[in-house]
Amino acid sequence: MPAIHSSLNFYLKPLFLSHSSISFSKFAIPKQVLSPRNLCALASAESAASHNGGRSGALSPPTVTEELQRIDVNPPKGTRDFPPEDMRLRNWLFHNFREVSRLFGFEEVDFPVLESEALFIRKAGEEIRDQLYCFEDRGNRRVALRPELTPSLARLVIQKGKSVPLPLKWFAVGQCWRYERMTRGRRREHYQWNMDIIGVPEVTAEAELISSIITFFKRIGISESDVGFRVSSRKVLQEVLRCYSIPENLFGKVCIIIDKIEKLPLDVIKNDLKSAGISEEAIEELLRVLSIKSLTELEEILGGAGEAVADLKLLFSLVENFGYSDWIQFDASVVRGLAYYTGIVFECFDRDGKLRAICGGGRYDRLLSTFGGDDIPACGFGFGDAVIVELLKEKGLLPELDLQVENIVCALDHNLQGAAATVATILRGKGQSVDLVLESKPLKWVFKRAARINAQRLILVGNTEWQKGMVGVKILSSGEQYEIKLDELE
């Protein structure tokens, strides 16, 4: 390639613009008068004087007694800002959520962040009521920011009715809100990846969902030595409670209590169960069953004829075919806190035990009838963005996601700003990213800017070259530089 034009070589040397500045020391104006607070007061006084027929020049700044209060620049407690570096990480994470969903043949959906309050408290359980960001709107309707996505999904499925063929394989990545105590990886505002299968009654659906989560983990460098899945079935609890003639309407309340078994002392769990109306004999048997970590032992207690054992045995058989037996284990204590689960339930946990559940889900075959629809077999999971980021930090697996721009375009003379804009437009039209230098800057500044944004090429627009229909190009990784015709620039 021909050497870059001599005039362009001149411009490649560091250039410095001289700036003239105004010194206020020339004027006899006290510093305190120049403060923003006093200038505002002076302007107000002048305005008032003009309305009263006074002469503005004869006024003196009034004494200001009120200090302006600085606004709190932090986001509300439990929420986050996403400056560029955090936004790059979020986009990377969401891209992997979406790519895994695509690999498994799911379609993306979304729902309003603001929903009817009744949508969540009717079936999610009374515990959710205290965690809702809810209020009455100007139409006197009770509304809430969604704490999760599944009820919204159920509402949309009912709305669509028979216009969509089953099974539905839908996913969503949405913002959720819960007013709750914050811990590491738990915020009051978070984003959640949901995958749901509607219309498949067999546990093949649960096996597929767990497989999709494992596929995601593998993509981002997480292995079975880092995380695992605890799997059980709500039907295990149902069978135990049925043996002791516990009313069906207490089932949801029992599940919510049991879900806290790792967070509260055992005596507290027992007292809560007793307050819920469970006999001491039933409590002891329930706790004995919940301590089981072996499917074989569970079968010895409940027998092999029940649905709970049959479903779990089939799931673990499918797991072998999917090839992720090392990732999952049976744990009867897993019940999940939301009241709408009806069958298989699962949670993903950090094997080091430093973090809360990474994700969780299960079967919810009777959720739709709660909202007036026809029940359809369904299962799904929710996967929050906050805990997985904490896990990636813990494992040293956060990706390097620096800003990367393909080209930086700079005019070497102020009168060539329009020409530089033309070059930028041509490159952008060809799908290339361009950072156009919008001011007259020395090349030293431009090179620093190029390094900060990891630009691949520097495109220089100089007078001599532009008159020939050419621009200068410098490959920043190698230092190679050349001139090229504008219509040949790729």
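Nothing here was measured: the structure is a model prediction, and the numbers come from that model. (Residues numbered from 1 in each chain as written. Predicted model: local features only at pLDDT ≥ 70, side-chain atom pairs only at ≥ 80, totals over all residues. Heavy atoms only, no water.)

1. Observations concerning the packing of helix α3 (residues 84-103) against helix α6 (residues 204-219)
Here is step 1 of the chain: Taken N-terminus to C-terminus, the directions of α3 and α6 make an angle of 135 degrees; their axes are 10 Å apart at the nearest point. Relative to α6, the element α3 lies oblique. Crossing handedness for the pair α3 and α6: right-handed. Residues Leu93, His95, Asn96, Phe97, Glu99, Val100 and Leu103 of α3 pack against Ser212, Thr215, Phe216 and Arg219 of α6. (Axes fitted to C-alpha atoms, helices over the stretch in contact; angles between N-to-C directions. Helix = DSSP H or I, 4+ residues; strand = E, 2+ residues; numbered from the N terminus. Parallel < 35°, antiparallel > 145°, perpendicular 65-115°, else oblique. Left-handed = near helix turned anticlockwise from the far one by under 90°. Contact = heavy atoms within 4.5 Å.)

2. Quick word on the packing of aromatic side chains
Here is step 1 of the chain: Considering all chains together, one arrives at 19 aromatic pairs under this definition.
Here is step 2 of the chain: Taken together, a centroid distance of 6.0 Å and an interplanar angle of 20 degrees make the contact between Phe94 and Phe97 stacked. Residue Phe94 and its partner Phe97 are located together in helix α3, separated by three residues, close to a single helical turn.
Here is step 3 of the chain: Exposure remark for Phe94: the relative accessible area of 7% places this residue in the buried category.
Here is step 4 of the chain: We classify Phe97 as buried; its relative accessible area is 0%.
Here is step 5 of the chain: Ring plane angle 80 degrees and centroid distance 5.9 Å describe the contact between Tyr133 and Trp177, whose orientation is recorded as edge-to-face. Here Tyr133, found in strand β3 (residues 133-136), pairs with Trp177, found in strand β5 (residues 168-177); they are 44 residues apart in sequence, far enough to count as distant.
Here is step 6 of the chain: Members of the aromatic cluster, connected to one another through ring pairs, are Phe82, Phe94, Phe97, Tyr191, Trp193, Phe216, Phe217, Phe229, Trp327, Phe381 and Phe383.
Here is step 7 of the chain: Cation over ring: Arg90 sits above Phe82, and NZ or CZ is 4.6 Å from the ring centre.
Here is step 8 of the chain: The ring of Phe349 has Arg230 sitting right over it, with the charged end atom 3.9 Å from the ring centre. (Phe/Tyr/Trp six-rings, centres within 6.5 Å; stacked < 30°, edge-to-face > 60°. Buried < 20%, exposed > 50% of the residue type's maximum accessible area, 1.4 Å probe, protein only. Lys NZ or Arg CZ within 6 Å of the ring centre and 35° of its normal.)

3. Topic: the sheet that holds strand β7 (residues 227-233)
Here is step 1 of the chain: Reading across the sheet, the eight strands line up as β1-β5-β6-β11-β10-β9-β7-β8 and stay open at both edges, with mixed pairing between neighbours. Where the open sheet ends on each side, the last strands, each with one partner, are β1 (107-108) and β8 (328-330).
Here is step 2 of the chain: Summarising the sheet, strand β6 (residues 189-198) and strand β11 (residues 378-384) pair through seven bridges and their orientation is antiparallel. Directly across from Ile198, in β11, lies its bridge partner Ala378.
Here is step 3 of the chain: Contacts from helix α12 (residues 307-322) reach β7, β8 and β9 (344-350), with the element oriented near 150 degrees to β7. (Pairing = 2+ DSSP bridges.)

4. Notes on the environment of Phe216
Here is step 1 of the chain: Mapped onto the secondary structure, Phe216 falls in helix α6.
Here is step 2 of the chain: Spatially, the C-alpha atom of Phe216 lies 9.8 Å from that of Arg98, the residues being 118 residues apart in sequence.
Here is step 3 of the chain: Non-local contacts of Phe216, meaning those with residues more than four positions away in its chain, are made with Leu93, Asn96, Phe97, Val100, Trp193, Phe383 and Ile388.

5. A short note on the confidence of the model for the protein
Here is step 1 of the chain: Model confidence for the protein is summarised by a mean pLDDT of 85, while 84% of its residues fall at 70 or above.
Here is step 2 of the chain: Note that pLDDT drops below 50 for residues 1-58; the model gives that stretch 60 contacts with residues more than four away or on any other chain. (pLDDT = per-residue confidence, 0-100.)

6. Let's talk about the pairing of β5
Side-chain positions along a regular strand alternate between the two faces of the sheet.
Here is step 1 of the chain: Taking burial as the measure, the 10 residues of β5 include eight buried ones, the bulk of the element.
Here is step 2 of the chain: As paired strands, β1 and β5 are joined by two bridges and run parallel to one another. In the strand pairing of β5, Glu108 is matched with Phe171.
Here is step 3 of the chain: Pairing analysis gives 10 bridges linking β5 to β6, with the strands arranged antiparallel. Within the sheet, the bridge partner assigned to Val173 lies in β6 and is Trp193.

7. Some remarks on the packing of helix α7 (residues 234-243) against α12
Here is step 1 of the chain: With their axes 8 Å apart at the nearest point, α7 and α12 run at an angle of 160 degrees to one another. Looking at the two axes, α7 sits roughly antiparallel to α12. The element α7 and its partner α12 pack so that their crossing is left-handed. Each of Lys235, Val236 and Glu239 in α7 lies in contact with α12, whose residues at this interface are Glu307, Ala308, Asp311 and Leu312.
Here is step 2 of the chain: When grouped by side-chain class, the residues that make up the contact of α7 with α12 number three nonpolar, no polar and four charged. (Nonpolar A, V, L, I, M, F, W, Y, C, P; charged D, E, K, R; others polar.)

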